[in-house]
Amino acid sequence: MKYYLIVGEASGDLHASHLMQSLKNLDSNAQFRFFGGDLMTAVGGTCVRHYRDLAYMGFIPVLLHLPKILRNMQMCKDDIVSWHPDCVILVDYPGFNLKIAKFVKSKTNIPVFYYISPKIWAWKEYRIKSIKRDVDELFSILPFEVDFFEGKHHYPIHYVGNPTAAEVREFLNTSSNPNTLGIQKSPIIALLAGSRQQEIKDNLPAMLEAVKPYEADYQIVLAGAPGIEPNYYAPFIEGRKVQVVFNQTYALLSLAHAALVTSGTATLETCLFRVPQVVCYKLPLPKIADFVRRHLIKVKYVSLVNLIADREVVTELLGRTFTVDHIRCELAKILDGPARTAMLEGYEEVSSRLGDQIAPDNAASLIIKKLK
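A brief structural summary.

Procedures and definitions
Residues numbered from 1 in each chain as written. Predicted model: local features only at pLDDT ≥ 70, side-chain atom pairs only at ≥ 80, totals over all residues. Heavy atoms only, no water. Helix = DSSP H or I, 4+ residues; strand = E, 2+ residues; numbered from the N terminus. Rg over C-alpha atoms; globule rule 2.2 N^0.38 Å. Buried < 20%, exposed > 50% of the residue type's maximum accessible area, 1.4 Å probe, protein only. Contact = heavy atoms within 4.5 Å. Areas by Shrake-Rupley, 256 points an atom, 1.4 Å probe, with all protein chains shown as cover. Axes fitted to C-alpha atoms, helices over the stretch in contact; angles between N-to-C directions. Parallel < 35°, antiparallel > 145°, perpendicular 65-115°, else oblique. Nonpolar A, V, L, I, M, F, W, Y, C, P; charged D, E, K, R; others polar. Pairing = 2+ DSSP bridges. Right-handed = clockwise from strand over helix to strand, strands pointing away. Phe/Tyr/Trp six-rings, centres within 6.5 Å; stacked < 30°, edge-to-face > 60°. Lys NZ or Arg CZ within 6 Å of the ring centre and 35° of its normal.

Each helix and strand counted, the protein chain has 17 helices and 13 strands in total. Relative to a compact globule of 372 residues, whose C-alpha radius of gyration would be 21 Å, the protein chain shows 21 Å and is just as compact. With the C-alpha coordinates of the protein chain rotated into their principal frame, the extents come out at 65 × 50 × 40 Å. Buried positions account for 51% of the 372 residues belonging to the protein chain. Long-range pairs, those at least 24 residues apart, make up 66% of the contacts in the protein chain with a sequence separation of at least 6. Element-wise, carbon and sulfur atoms account for 53% of the exposed surface of the protein chain, whose accessible area totals about 17400 Å².

What follows is the structure, given as C-alpha cells:
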C-alpha cells in the first residue's frame with residue numbers, strides 16, 4: 001500500500017520513522033512519500049520536502065515566511081492528489097496538518113489518520129471541530145487524552161502506547177555499561193535546560209546558580225541539546241564546575257541522582273529513569289504569564305509527569321515561582337528524605353499508566369486493519 005506522511009519538526013521525523021518501519025514490517029509492499037526528515041529518508045521512500053522548510057514557530061517567523069509556507073502547503077496538496085496514496089498519515093504539527101486534513105477530506109476519498117494527536121487539551125480546544133470532521137482515526141501516545149477526546153468530546157481515539165516509555169525501556173534493557181560519559185565523580189545532578197537556544201538562555205543561568213552550593217559534593221552535568229553547538233554553552237558555564245555531554249542524555253539520566261529539567265518530553269524521560277526532578281521554566285513577563293496560565297490555558301500542569309498522574313508528582317516552578325532560591329529549595333528536598341521517596345512512588349504510578357505497549361507497532365497494525 002501507499003502511505004503519505006507529513007511531519008513538521010525533528011521529533012515528528014523520529015516518531016514517523018519508527019511508524020514507517022513498523023508499517024514495512026507488516027506490509028512488504030509498503031511505499032512511502034512524505035514531508036519529513038533524514039530519519040524517515042533512511043527508512044525508505046521519497047522525501048518531497050524536508051521539515052526544515054516547514055518549521056517556523058511563533059507569530060513573527062510565521063508571518064515573515066507566510067508565502068513560503070503557503071507554497072509548501074499547496075505543493076503538498078497537489079502532490080497528494082497526484083500520487084493518490086491509500087492513506088495520509090499526519091504526525092503532530094497541527095497548524096499545517098489540520099489544513100491538509102481539511103483539504104484531503106473535502107477533495108478526495110483518501111482516509112486521514114493522525115499519529116500523535118494535537119495537544120488541544122492545553123490550547124486551541126476549538127480544533128476538536130475540525131478533527132471530528134476531517135480525521136478518520138486518531139492515535140494518541142498519552143493515556144489521559146482518551147478521557148479528553150472520548151469523555152469530554154465523544155470522539156473515539158486509540159491509545160497506542162508511549163514511544164518515550166518504550167525507548168527508555170529499550171535503553172535500560174540493552175545498555176550494559178551506561179557510564180560512557182567519562183564521569184569519575186558521583187553523585188550527579190543533571191541539568192536539562194531545553195532544546196532551543198532561547199530556552200537555554202532563559203533557564204540555564206538560574207539552574208547553574210541554584211546548584212552552585214552543591215558543586216563540592218556533586219558532579220554537575222549539563223545535557224547538551226542536539227543541534228546546539230558546544231560553543232553556545234561556553235559563556236554560561238565559564239568558571240563553573242560543570243561538565244557538558246552531548247547526545248548521551250539517556251546515559252546521563254541513568255547515572256543521575258537528581259535533575260533540574262525544563263518542561264517537555266525531558267520531564268517524562270527523567271521520570272522513567274526514576275530520577276527525582278524539579279521542573280523549572282522561565283516565562284517572559286511572569287505576572288502576565290501567570291494570568292494566561294490561570295485563565296487561558298486549559299490544564300492544571302505543564303509537565304507530562306503531572307498531566308499523566310493527574311496530580312502534582314513533581315514541583316513545577318514557572319512564572320513568579322521561577323527563582324534561584326525556589327529552585328535551590330526544591331532541589332534540596334529531593335536529594336534525600338520523604339519528598340524524594342514520595343516522588344519516586346509517584347513515578348511508579350506514571351509508568352503504570354503509560355503501560356508497556358509499543359506505539360508504532362500498535363498504530364501500524366490498526367492503520368493496516370482499517371485500510372483492509
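Moving on to the packing of helix α15 (residues 324–335) against helix α16 (residues 338–354). Each pair of packed helices can be summarised by the angle the axes make with each other and by the distance between the axes. With their axes 5 Å apart at the nearest point, α15 and α16 run at an angle of 80° to one another. As summarised for this structure, α15 and α16 are arranged roughly perpendicular, according to the angle between their axes. Where α15 abuts α16, its residues K333, I334 and L335 lie against A339, R340 and M343. Residues belonging to the contact of α15 with α16 are distributed by class as follows: four nonpolar, no polar and two charged.

A word on the sheet that holds strand β12 (residues 277–281). Ordered by their spatial adjacency, six strands build an open sheet running β10-β9-β8-β11-β12-β13, and the pairing between neighbours is parallel. Edge positions in the sheet fall to β10 (242–246) and β13 (315–318), since each of these pairs with one other strand and no more. The average angle at which neighbouring strand axes cross in this sheet is 20°, direction not considered. Relative to β13, β12 is paired through four bridges, and the arrangement is parallel.

The next point concerns the pairing of strand β6 (residues 137–140). The side-chain alternation of β6 yields two buried faces, one formed by E137 and F139 and the other by L138 and S140. Bridging between strand β5 (residues 112–115) and β6 involves three bridges; their strand directions are parallel. The residue of β6 that forms the bridge with F113 is E137. For the crossover from β5 across helix α6 (residues 128–134) to β6, the handedness is right-handed. Looking at chain direction, β6 and strand β7 (residues 158–159) are connected through two bridges and run parallel. Note that in β7 the partner of F139 across the bridge is H158. Handedness of the crossover joining β6 and β7 through helix α7 (residues 144–152): right-handed.

Evaluated as defined, the whole model comprises 15 aromatic pairs. On the numbers, 5.6 Å between centres and 55° between planes, the contact of Y232 with F236 is tilted. Taken as a pair, Y232 and F236 lie in helix α10 (residues 230–237) at a separation of four residues, close to a single helical turn. For the pair Y232 and F236, a shared accessibility class is recorded, and that class is buried. Chaining the aromatic ring pairs together yields one cluster made of Y232, Y233, F236 and F246. A cation over a ring is seen here: K2 above W83, with NZ or CZ 4.8 Å from the ring centre.

Side-chain alternation along β5 places V112 and Y114 on one buried face and F113 and Y115 on a second face that is also buried. As paired elements, strand β4 (residues 87–91) and β5 share four bridges and run parallel to each other. The partner of V91 across the bridge, within β5, is Y115.

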